[in-house]
Amino acid sequence: PLTSMISYIDLMKKEGLESPNAPEYLDIIDNKTQRLKILTENLFEAAKASSGAIPVNMEEIDLDSLLAQSLVEMEEKLSAKNLDIQMKNECEDTRIMADGQLMWRVLENLFGNILKYAMENTRVYAEVLLEKDQVIFTLKNISAQPLNIPAEELTERFIRGDVARNTEGSGLGLAIAKDLVKLMNGVFEITVDGDLFKATVMMEKA
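The notes below deal with the structure included here. (Residues numbered from 1 in each chain as written. Predicted model: local features only at pLDDT ≥ 70, side-chain atom pairs only at ≥ 80, totals over all residues. Heavy atoms only, no water.)

As a further point, take the pattern of salt bridges. The final tally for this structure, using the stated rule, is five salt bridges. The salt bridge partner of R95 is E60, with a shortest N-O separation of 3.1 Å. Residue R95 is located in strand β3 (residues 95-98), and its partner E60 is located in strand β1 (residues 59-62); the two are separated by 35 residues in the primary sequence. Since its relative accessible area comes to 46%, E60 is described here as partly exposed. We note a salt bridge from E108 to R105, for which the minimum N-O separation is 2.9 Å. Taken together, the positions of E108 and R105, both in helix α4 (residues 100-117) and three residues apart, correspond to about one turn of that helix. In this structure E108 comes out as partly exposed when scored by relative accessible area, which is 33%. Taken together, the salt bridges that share partners define one network made up of E60, D93, R95 and K205. (Salt bridge = Lys/Arg side-chain N within 4 Å of Asp/Glu carboxyl O. Helix = DSSP H or I, 4+ residues; strand = E, 2+ residues; numbered from the N terminus. Buried < 20%, exposed > 50% of the residue type's maximum accessible area, 1.4 Å probe, protein only.)

On to the packing of helix α3 (residues 63-80) against α4, then. Packing of α3 against α4 leaves a shortest axis separation of 10 Å and a crossing angle of 35 degrees. Considering only the axes of α3 and α4, their crossing is right-handed. Along the contact surface, α3 presents L63, L66, L67, Q69, S70, L71, E73, M74, K77 and L78, while α4 presents G100, M103, W104, L107, E108, F111, G112, I114 and L115. When its residues are assigned to classes, the contact of α3 with α4 shows twelve nonpolar, four polar and three charged. (Axes fitted to C-alpha atoms, helices over the stretch in contact; angles between N-to-C directions. Left-handed = near helix turned anticlockwise from the far one by under 90°. Contact = heavy atoms within 4.5 Å. Nonpolar A, V, L, I, M, F, W, Y, C, P; charged D, E, K, R; others polar.)

The strand order across the open sheet built from five strands is β2-β4-β5-β7-β6, with neighbouring strands paired in mixed fashion. Strand pairing shows two members of the sheet lacking a second neighbour, β2 (84-89) and β6 (187-193), which therefore form its edges. Each adjacent strand pair in this sheet contributes to an overall mean axis angle of 15 degrees, direction not counted. Direction of pairing for β2 relative to strand β4 (residues 123-131): parallel, over a ladder of six bridges. When the sheet's bridge partners are listed, K88 is paired in β4 with E127. Helix-sheet contacts for α3 involve β2, β4 and β5 (134-142), and the interaxial angle to β2 is about 170 degrees. Here helix α5 (residues 173-183) sits on the sheet in contact with β6 and β7 (196-204), set at roughly 140 degrees to β6. (Pairing = 2+ DSSP bridges.)

What follows concerns helix α1 (residues 2-15). With 14 residues, α1 should reach 20 Å at 1.5 Å per residue; the first-to-last C-alpha distance of 20 Å fits that figure. Positive phi appears at G16, one or two residues downstream of α1, with a value of about 85 degrees. (Expected span 1.5 Å × (residues − 1).)

Right, let's get into the packing of α4 against α5. In contact at an axis separation of 9 Å, α4 and α5 are set at 155 degrees when each is read in the N-to-C sense. Our classification of the angle between α4 and α5 gives roughly antiparallel. The chirality of how α4 crosses α5 is left-handed. Mapping the contact onto sequence places L102, R105, V106, N109, L110 and N113 in α4 and G173, L174, I176, A177, L180 and V181 in α5. Tallied by class, residues from the contact of α4 with α5 come to eight nonpolar, three polar and one charged. (Parallel < 35°, antiparallel > 145°, perpendicular 65-115°, else oblique.)

For N82, which is not glycine, the phi dihedral falls at a positive 55 degrees. Positionally, N82 belongs in the loop between α3 and β2. Under the relative-accessibility criterion, N82 is labelled partly exposed at 47%. A positive phi angle is found at N121, which is not glycine, with a value near 65 degrees.

Spelled out as structure tokens, the structure:
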């Protein structure tokens, strides 16, 4: 965003504020400024999450309720891309030990990742199940672009699945989610099978 901002500011200096192109340049600069703001905020969050410099308030929370709230928040955006969420819950008791705010951020990042990279007009499968003393949440979707990098690299900072950089993703969302889950003593995994993307969050049962 910064490179574009500098370029359009230079154009405005050359052409002047009275140029018929000035309003368009200002709109672009404004959009890029907002984009840079989001990137900066994500970068600070990623730094805090990876360093552990975030207060963690572990308590008993209901993962199913948190998921329901997340889906309500994302419903309009998901519908705009015709993404059909198929929810399956095989766990009668979905209470986990976690930080409610951090877990909300994890879910927000996972669904945000789907909004950026999932193929439109497809189904997204969400599942909650119990395995021994862990509640496991999985989210699966079909990628719009070929996933041409190893799965383990998708949780590294600034790494994105669309190498051609066709979206506005920062490459920080999954890295932040992984670090936040780790702070809550959970496990975060990514699996890629062709164009199928699967995120798994394993948390201790309350």
